Amino acid sequence: MRDTIRFWLGDEYIVLHDVLPSVTALDWLRETRGRTGTKEGCNEGDCGACAIIIVRRNACAGHLSWNAVNACIQFLPMLDGAQIYTVEDLRDPSGVLHPVQCAMVNQHGSQCGFCTPGFVMSMVAFRKRVGSMIDQVTDADIDDALAGNLCRCTGYAPIVRAMRQALVAGPDRFDAEIKKIGERLTMMESGEGVSIATKNARLTIPASADELAVTLMADPASRIVAGATDVGLWVTKLGRTLPHVVFIGHIPELRKITVTEDGATIGAAVTWSEAEAPLCAVYPEMRDTLRRVAARPVRNSATLCGNIANGSPIGDGPPLLIAADAELILRRGDKKRRIPLEGFFIDYGVQDRASDEFIEAVFVPVPKAGTMFRGYKISKRFDQDISAVMAGFSLIISDGIIRKACLAFGGMASTPKRAAAAEAALTGNPWDAAALAAARDAISQDFAPLSDLRATSWYRLEVARNLLTRFYVETTGSDTAQVSVWSIHGEAVNV
Ligand SMILES: Cc1cc2nc3c(=O)[nH]c(=O)nc-3n(C[C@H](O)[C@H](O)[C@H](O)COP(=O)(O)OP(=O)(O)OC[C@H]3O[C@@H](n4cnc5c(N)ncnc54)[C@H](O)[C@@H]3O)c2cc1C
Ligand code: FES
Ligand code: FES
């Protein structure tokens, strides 16, 4: 195993020994490389001021993928094997600004300038992702690309105008360097793992799923880290130390996505951004909800399986995937097992996973004939906000009768949980106003949610009922004047 991590930072080849596994890329860039253009705002992935670009070869398609990520919650060793760019790299060697920077100047996209480097990095990554498909870019795509960046003084309209201008501004310095960047990435592809032990901490980057299995069996107390968008905050906000970190983000078997006529298998190192296409291939109805999970720079690092493994009762993935009848594939040593996803969540902070076991993948089967599916996220902000209530609903209907109902909720209990009484009220009945009313009534038998800073117990129950009504209206095309929901004042109103 190698005892160094290595990557390209701009045009400099970096080789590091004695790396602490939980030092953040942001601290390292600012404190040891003087790259202070990368700003620290929130230090928790929310504001985008620290955005940098990571270039890697796409595991499935082989082309280069350019992703903006938040350096404040990327651990330095996660950069191993990548080409990294910060805002300092954007000007060409003769000093000419990058087309995105020119557009920000022309459109007056910056006032105090604190957020600007982060915006610019997200914009450069978006330009790369769009490539020549400029005609297909919608306003919603631009909003999505910028949703992880906060600006407190300029206002977003000039920044969006700058994005539009930059999209048609022609090539940048990197277009002429694609071959060179590809060669650099190839040069670092050694297929070997990394093991670094310092006085205070240990770092392992297994090269394969087999090596990961052996590492975990040997040290069950080690901490798996995939995208670090949950674990990163334990370090930056809670001050926790991690004695042995095992990074799984680059393990080839875990980076795999397989789509067959049976469904999609999404490996444990596949990010939310990468999982969008296969999930939507199976369930196009997930598209609107998936773009509400965090924001693009977080989704570029965060994994779907990390969201499941974290076991949060307010994670967005579990309700959607439980409603989709997903299964988890777990591995411990040489032994693999497959379980229905809903069985994974035992209690608050307790999941059906041994400490030396890991999630290898999640399988999402193709829906059965007659399935109606929806996902709904309720949060205070549209973008980049944790859910107050999250719902994944599916009904299988044949001959006009509901044969199977799955109503899965997040934010309603100590784990992601199905509404068993409401499901029973629907099963065996036609999907009509009477069934809806019975299911709405039954919700209070299923849940006694908490009140917290995101929502009160009363609000959560009412919103859960109202989401059932929305599901009914959307899937039956019912006249909205015929159904009522409860308003915040507690009286029935028509939707
Ligand atoms: C700004 C911000 C916004 C966010 N918004 C949302 C949101 O809207 N909705 C939402 O649901 N979440 C949100 N999150 C939380 C987080 O992004 C997700 O939970 C994410 O999917 C976690 O994935 P990860 O790869 O980063 O996990 P990590 O942080 O790497 O790991 C999380 C946990 O899972 C374990 N783990 C990871 N992979 C495996 C594996 N293969 N086997 C076993 N254990 C494993 C780790 O040990 C750790 O305990 C947000 C986070 C941030 C910072
Ligand atoms: S400093 Fe705010 S996202 Fe990193
Ligand atoms: S220009 Fe000041 S925060 Fe955006």
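Residues numbered from 1 in each chain as written. Chains lettered and ligands numbered in written order. Predicted model: local features only at pLDDT ≥ 70, side-chain atom pairs only at ≥ 80, totals over all residues. Heavy atoms only, no water.

Mapped onto the fold, threonine 154 is located in the loop between helix H4 (139-146) and helix H5 (156-167). For threonine 154, a relative accessible area of 12% translates into the label buried. Those residues within four positions of threonine 154 in sequence are excluded, and the remaining contacts are His108, Gly109, Ser110 and Gln111. (Helix = DSSP H or I, 4+ residues; strand = E, 2+ residues; numbered from the N terminus. Buried < 20%, exposed > 50% of the residue type's maximum accessible area, 1.4 Å probe, protein only. Contact = heavy atoms within 4.5 Å.)

For helix H6 (residues 178-188), the set of buried residues is Ile181, Gly182, Arg184, Leu185 and Met188. Along the axis of H6, the buried residues cluster in a sector spanning 160 degrees; they form a single face. Those residues of H6 hidden inside the fold are in contact with strand E1 (5-9), strand E2 (12-16), strand E3 (51-57), strand E4 (64-70) and strand E5 (83-85). (Arc of directions from axis to C-beta.)

All right, on to helix H15 (residues 433-446) then. A rise of 1.5 Å per residue sets the reference length of H15, with its 14 residues, at 20 Å; its end C-alpha atoms lie 20 Å apart and thus fit the reference within 8%. Regarding H15, the residues found buried are Ala435, Leu436, Ala439, Arg440, Ala442, Ile443 and Asp446. (Expected span 1.5 Å × (residues − 1).)

Relative orientation and spacing of two packed helices are given, respectively, by the angle between their axes and the distance between those axes. Interhelical geometry of helix H3 (residues 116-130) versus H4 gives an angle of 130 degrees and a closest axis separation of 9 Å. One way to sum up the angle between H3 and H4 is to call them oblique. Crossing geometry of H3 relative to H4 is assigned as right-handed. Listed contacts from H4 to Phe119, Ser122, Met123 and Phe126 of H3 are Asp141, Ile142, Ala145 and Leu146. (Axes fitted to C-alpha atoms, helices over the stretch in contact; angles between N-to-C directions. Parallel < 35°, antiparallel > 145°, perpendicular 65-115°, else oblique. Left-handed = near helix turned anticlockwise from the far one by under 90°.)

The full set close to ligand 1 counts 37 residues, and Ile224, Thr229, Asp230, Thr303 and Asp316 are the nearest of them. At a separation of 2.6 Å, an oxygen atom of ligand 1 approaches a polar side-chain atom of threonine 229. Contacts to ligand 1 include threonine 303, whose side-chain N or O atom sits 2.7 Å from an oxygen atom. Across the complex, the protein chains shield 96% of the 990 Å² of accessible surface that ligand 1 would expose by itself. Taken together, the elements giving at least two residues each to the shell around ligand 1 come down to strand E8 (223-225), helix H8 (231-236), helix H12 (304-310) and strand E16 (358-365). (Near = heavy atom within 4 Å. Polar contact = N/O pair within 3.5 Å; in protein donor to acceptor, adjacent residues only side chain to side chain. Areas by Shrake-Rupley, 256 points an atom, 1.4 Å probe, with all protein chains shown as cover.)

Another point: the domain arrangement of the chain. In terms of domains, the chain is made up of domain 1 (5-188) and domain 2 (371-494). Each of domain 1 and domain 2 has a C-alpha centre, and the two are 40 Å apart. (Domains from an automatic or database assignment.)

Turning to the pattern of salt bridges, a few remarks are in order. The tally for this structure, following the rule as stated, stands at 38 salt bridges. A salt bridge links aspartate 172 to arginine 127; the nearest nitrogen and oxygen atoms lie 3.7 Å apart. In this pair, aspartate 172 sits in the loop between H5 and H6 while arginine 127 sits in helix H3, placing the two residues 45 residues apart along the sequence. Taking relative accessible area as the criterion, arginine 127 reaches 11% and is therefore assigned buried. (Salt bridge = Lys/Arg side-chain N within 4 Å of Asp/Glu carboxyl O.)

With that out of the way, let us pick up unusual backbone geometry. Despite not being glycine, aspartate 18 shows a phi value in the positive range, around 50 degrees. Overall, the relative accessible area of 59% leaves aspartate 18 in the exposed class.

Attention now goes to the packing of aromatic side chains. The final tally for this structure, using the stated rule, is 15 aromatic pairs. Between tryptophan 8 and tyrosine 13, the ring centres sit 5.1 Å apart and the planes meet at 35 degrees, which makes this aromatic pair tilted. Classification of tryptophan 8 by relative accessible area gives buried; the value is 13%. Of the residues examined, tyrosine 13 reaches a relative accessible area of 32% and is grouped as partly exposed. Centroid distance tryptophan 431 to tyrosine 472: 5.1 Å. Interplanar angle 90 degrees. Geometry classified as edge-to-face. Here tryptophan 431, found in the loop between helix H14 (420-426) and H15, pairs with tyrosine 472, found in helix H16 (residues 457-476); they are 41 residues apart in sequence, far enough to count as distant. (Phe/Tyr/Trp six-rings, centres within 6.5 Å; stacked < 30°, edge-to-face > 60°.)

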